[in-house]
Amino acid sequence: MQLSLFYEDTDDELLKDLFTAYFNCRKNKRNKNSSLEFEKHFESNVFKLYDDVITGRYKLSSSIAFVVTKPVRREVFAADFRDRVIHHFLIDKLNSIFETLFHPNSFACRVSKGTHYGIRSVREDMERVSDNYTKEAWLLKLDVKGFFMHINRDILNRRLMKLIFENYKEKDKELMMRLVSMIVTHDSTSLCVVKGAPSDWVGLPPDKSLFYSPETCGIPIGNLTSQVFANFYLHSLDMFVTQDLGIGAYGRYVDDFYMISRDKEYLKLIIPKIKHFLRSDLCLTLHPKKIYLQEVKHGVPFLGTYIKPGRTYVGNRIKSGFYESIQAQNIVIRAICRNNSTPSEENFEQFISTMNSYLGLMRHFSTFRLRERMLNKYLSRLWYRFVTVDQNINKFTVKFN
């Protein structure tokens, strides 16, 4: 039976939803060990998951904890593929409620409201409040210290239960509440396998690790549920800033948020009010070293870019990542050519996906000369035996297979 037809014939909505969640989940995870193991017998594995869910036997599996260094150094708890299917299942079912609730300018983990939307929104707010830079306007940018590691799971669970109970109208409401509560209240450090050496954690600040989080605090970075639930956790902050404090030009990407006003003194005045709200309502701390107040005409750093009147530049982090990726691909091609060989399909796939990812990101900003210079200066000419880039330097393609 074709995979696309396998689950469409069933009348059981839960089973159909789980198969849909599985297919959505595997799109970007097919080269991971746990996803490959699940996929070998995916039909029976989905049926087993279905049976565990409806009988109440479903339990969370252990996560794999490790530290990544790119784009920034951070700790990740990667959930087992089986649990990620459940994550997708829950968000697929609940996302319409979140979308109805969320502030228009909360940007993280939302369809058509990612980093590009966030950067464009900041730029448009800067132009609007300053009357296209003809009047003085100021931008205040703030950040929450150790956000994911200090989310209070009890507060989050209580508010999610209230949201689902009042707004979810399907007959499986009780199941949704049970699964969400299981995931939110789970202490990931109690059931995990540490991957890598203990030295990987050396130098990682305690407020960046779940192993040092206060009791009942912290949710793992990386899970789909964590991203959406974290956005929900700060929804009350969005409402406080825009409604109680009356800030019209506002936006937030995860825990990085900005406010723009023509009144510089008012922006200074609301900093302690926001600090108090975060502490009293959400048990969070405003990062004391990440308070940024600048006149908009001088430019503002946001989401890896620097936004100035009429132009947006990429930041040093993106430039460094692009340079390091180029050097990594140079090592690959030099080794291949030393052996008088040609790149494999996997080599081509890795090169194209890596290079085009950066070019696709950078082409949205004022970077043509930067892209041209970096490729001409750093990318090994050996690659051009096998690949070509379009004249606008937006995309690489393979010359032949």
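All chains use their own residue numbering, which begins from 1 and follows the written sequence. With pLDDT at 70 or above as the cut-off, local features in this predicted model cover only qualifying residues; side-chain atom pairs require 80 or more to be listed or tallied, and sums for whole chains, interfaces and linings still use all residues. In computing side-chain properties, one takes all heavy atoms of the structure into account and sets aside hydrogens as well as water.

Structural notes on the packing of helix α2 (residues 13–26) against helix α4 (residues 42–55)
We count it as follows: To obtain an axis, a line is fitted to C-alpha atoms, over the contacting stretch when the element is a helix, and the angle between two such axes runs from 0 to 180 degrees between their N-to-C directions. Numbering goes from the N terminus for both helices and strands, where a helix is a DSSP run of H or I of at least four residues and a strand is a run of E of at least two. To sort the angles, those under 35 degrees are grouped as roughly parallel, those over 145 as roughly antiparallel, those from 65 to 115 as roughly perpendicular, and the leftovers as oblique. Whether a crossing is left-handed or right-handed is set by the direction in which the near helix is turned from the far one by less than a right angle, anticlockwise for left-handed and clockwise for right-handed. Note on contacts: a residue pair qualifies if any of its non-hydrogen atoms lie within 4.5 Å across the two residues. Gly is placed with the polar residues, together with every amino acid not listed as nonpolar (Ala, Val, Leu, Ile, Met, Phe, Trp, Tyr, Cys and Pro) or charged (Asp, Glu, Lys and Arg).
Remark: α2 packs on α4, axes separated minimally by 10 Å, with the N-to-C direction vectors making an angle of 130°. As judged from the angle between their axes, α2 and α4 are oblique. Classified by chirality, the crossing of α4 by α2 is right-handed. When α2 is examined against α4, the residues Leu-14, Leu-15, Leu-18, Phe-19, Tyr-22 and Phe-23 are found in contact with a partner set consisting of Phe-42, Glu-43, Val-46, Phe-47, Leu-49, Tyr-50, Val-53 and Ile-54. Partitioning the contact of α2 with α4 into residue classes produces 13 nonpolar, no polar and one charged.

Digging into the confidence of the model for the chain
Definition in use: Values of pLDDT, the confidence the predictor places in each residue, fall between 0 and 100.
Of the residues in the chain, 96% have a pLDDT of 70 or more, and the chain-wide mean is 92. Counting contacts from residues 1–5, a segment whose pLDDT is below 50, to residues more than four positions away or on other chains yields five contacts.

Quick look at the pairing of strand β3 (residues 138–143)
We count it as follows: Whether a residue is buried, partly exposed or exposed follows from its accessible area with a 1.4 Å probe, protein chains only, as a fraction of its type maximum: under 20%, in between, or over 50%, in that order. By this definition, two strands are paired if DSSP reports at least two bridges between them.
The buried fraction of β3 is high, at six of six residues. Judged by which residues are buried, β3 turns out to be covered on both faces: Trp-138, Leu-140 and Leu-142 on one side and Leu-139, Lys-141 and Asp-143 on the other are all buried. In this structure, β3 lies alongside strand β6 (residues 256–261), joined through six bridges in antiparallel fashion. Each residue of the ladder has a partner; that of Leu-139, found in β6, is Ile-260. Two elements, β3 and strand β7 (residues 292–295), share four bridges in a ladder whose sense is antiparallel.

Looking at the pattern of salt bridges
Pairing between side chains of opposite charge can happen when their charged atoms approach one another. Operational definition: Here, a salt bridge means any Lys or Arg side-chain nitrogen found within 4 Å of an Asp or Glu carboxyl oxygen.
Applying the stated criterion across every chain, the model contains 16 salt bridges. Here Glu-37 ties to Lys-40 by a salt bridge, and the two come within 2.9 Å at their closest N and O atoms. In this pair, Glu-37 and Lys-40 are both assigned in helix α3 (residues 33–40), three residues apart and thus about one turn of the helix distant. Look at Lys-40 and you get exposed, because its relative accessible area is 56%. One salt bridge in this structure joins Arg-159 and Asp-281, with 3.2 Å as the shortest N-O distance. Separated by 122 residues along the polypeptide, Arg-159 in helix α8 (residues 153–167) and Asp-281 in helix α12 (residues 264–282) bring together distant segments of the chain. By relative accessible area, Asp-281 is classed as partly exposed at 22%. Salt bridges sharing partners connect three or more residues here, namely Lys-48, Asp-51, Asp-52, Arg-57 and Arg-82.

With respect to the sheet that holds strand β10 (residues 311–314)
Neighbouring strands of a sheet are bound in pairs by backbone hydrogen bonds; such pairs are parallel or else antiparallel. Within the open sheet, the three strands sit side by side as β8-β9-β10. Their pairing is antiparallel. This sheet does not close on itself; its edge strands, each paired only once, are β8 (300–302) and β10. Each adjacent strand pair in this sheet contributes to an overall mean axis angle of 25°, direction not counted. Relative to strand β9 (residues 305–308), β8 runs antiparallel, the two being bridged by three bridges. Bridge pairing in β9 places Phe-302 opposite Thr-305.

Section: the nonpolar core
Our working definition: Here, nonpolar core means buried Ala, Val, Leu, Ile, Met, Phe, Trp, Tyr and Cys residues that are tied together by side-chain atoms lying within 4.5 Å of each other.
In this structure, Met-259 and Ile-274 are the most contacted members of the largest nonpolar core, which totals 80 residues. Tallying contributions element by element places helix α5 (residues 81–101) first for this core, with nine residues. Here Met-259 is in contact with Trp-138, Leu-139, Leu-140, Leu-142, Val-241, Ile-247, Ala-249, Tyr-250, Leu-267, Ile-270 and Ile-274, once residues within four sequence places are set aside. Among the nonpolar cores identified, the runner-up in size contains 38 residues, and Met-126, Val-296, Ile-352 and Met-362 belong to it.

What about the environment of Leu-175?
Residue placement: Leu-175 occurs in helix α9 (residues 173–185). Here the alpha-carbon distance between Leu-175 and Val-53, two residues 122 residues apart in the chain, equals 8.3 Å. What Leu-175 contacts, discounting residues up to four positions off in sequence, is Leu-14 and Val-53.

Quick word on the side chain of Ser-130
Keep this limit in mind: What qualifies as a polar contact is a pair of N or O atoms within 3.5 Å, subject to a donor-acceptor requirement within protein and to the restriction that residues adjacent in sequence count only when both atoms come from side chains.
As for its position among the elements, Ser-130 is in the loop between α6 (115–129) and β3. Exposure remark for Ser-130: the relative accessible area of 0% places this residue in the buried category. In this structure the side chain of Ser-130 is engaged in a polar contact, spanning 3.5 Å, whose partner is the backbone oxygen of Glu-127. Apart from the residues within four sequence positions on either side, Ser-130 is in contact with Lys-135, Ala-137 and Val-296.

Side note on the packing of aromatic side chains
Worth spelling out the cut-off: Side-chain rings of Phe, Tyr and Trp (the six-membered ring for Trp) are treated as a pair once their centres are within 6.5 Å; stacked means planes under 30 degrees apart, edge-to-face means over 60, and tilted covers the remaining angles.
Scanning the entire structure with this criterion turns up 25 aromatic pairs. Note on Phe-351 and Trp-383: the rings are 4.1 Å apart at their centroids and 25° apart in plane angle, and the pair reads as stacked. With Phe-351 in helix α14 (residues 345–362) and Trp-383 in the loop between α15 (368–378) and β11 (387–389), this pair connects stretches of sequence that are 32 residues apart. On the basis of relative accessibility, which here comes to 0%, the residue Trp-383 falls in the buried class.

Some details on unusual backbone geometry
Unusually for a residue other than glycine, Leu-303 sits at a positive phi of about 50°. Notably, Ile-393 is not glycine yet its phi reads approximately 55°, a positive angle.

Re the side chain of Ser-188
Examined against the element boundaries, Ser-188 turns out to sit in the loop between α9 and β4 (192–194). For Ser-188, the residues in contact, after removing those within four places along its chain, are Phe-77, Leu-210 and Pro-220.

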